[in-house]
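Chain and residue survey
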Amino acid sequence: MRLRTDDDIYRARLVYLGPPGYTLPVHLPYAQYGLFILLVPLYMFIHWLFTLTVDLFPAWEIALAIVTTSFIFRHVDPDRPARVVIRTALTDWRRTREPAIEQRDPRLVGSRIRIREELA
């Protein structure tokens, strides 16, 4: 007897194929387009903070958004959505450094433990 798995659910991705009659050469999920659209203005704002100018065609910002989106979605799967990957990256980025000086753990010594014969 063969059991049907639920792999069909995971294969059904929401993918934008392009305008009707014109299929795009790259098939990307809607979530990648959304993240890309959020990252481009973010990178433009960061660029503006440093230079106080806005480019007519933000080539570097678009390139950074493409690289960031592809890096994030390299770690996305049906069991781990993009928001979890982003949250994990931000959390790990802040708290993964080891202390610079090795610290010894406190010794646990039982010198003050008293054993009573009866409980009152």
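Look up a bit, the structure's there.
Described in the following lines is the structure provided in the data block.

Conventions we followed
- Residues numbered from 1 in each chain as written.
- Predicted model: local features only at pLDDT ≥ 70, side-chain atom pairs only at ≥ 80, totals over all residues.
- Heavy atoms only, no water.
- Helix = DSSP H or I, 4+ residues; strand = E, 2+ residues; numbered from the N terminus.
- Expected span 1.5 Å × (residues − 1).
- Buried < 20%, exposed > 50% of the residue type's maximum accessible area, 1.4 Å probe, protein only.
- Arc of directions from axis to C-beta.
- Core = buried A, V, L, I, M, F, W, Y, C linked by side-chain atoms within 4.5 Å.
- Contact = heavy atoms within 4.5 Å.
- Lys, Arg positive; Asp, Glu negative; His and termini not counted.
- Salt bridge = Lys/Arg side-chain N within 4 Å of Asp/Glu carboxyl O.

**Some remarks on helix H3 (residues 59–74)**
End to end, H3 covers 23 Å across 16 residues, agreeing with the expected 22 Å (1.5 Å per residue, within 8%). Those residues of H3 that fall on the buried side of the exposure criterion are Glu61, Ala65, Thr69, Ile72 and Phe73. Summarising the axial view, the buried residues of H3 lie within an arc of 85°, below the 170-degree limit, and thus occupy one face. In H3, the exposed positions that point more than 90 degrees away from the buried face belong to Trp60, Val67 and Arg74.

**Some words on the nonpolar core**
Membership of the largest hydrophobic core is limited to 9 residues, which are Leu35, Leu39, Val40, Tyr43, Ala65, Ile72, Phe73, Ala82 and Val85. The element contributing the most residues to this core is helix H2 (residues 30–51), with 4 residues. Excluding residues within four positions of it along the chain, Ala82 makes contact with Phe73 and Val76.

**A look at the side chain of Glu61**
Structurally, Glu61 is set in helix H3. Despite its burial, Glu61 pairs with no opposite charge, the nearest such side chain being Arg74 at 20 Å. Non-local contacts of Glu61, meaning those with residues more than four positions away in its chain, are made with Val40, Tyr43, Met44, His47 and Asp55.

It is worth stressing that arrangement in space is one thing and function is another; only the former is reported here.
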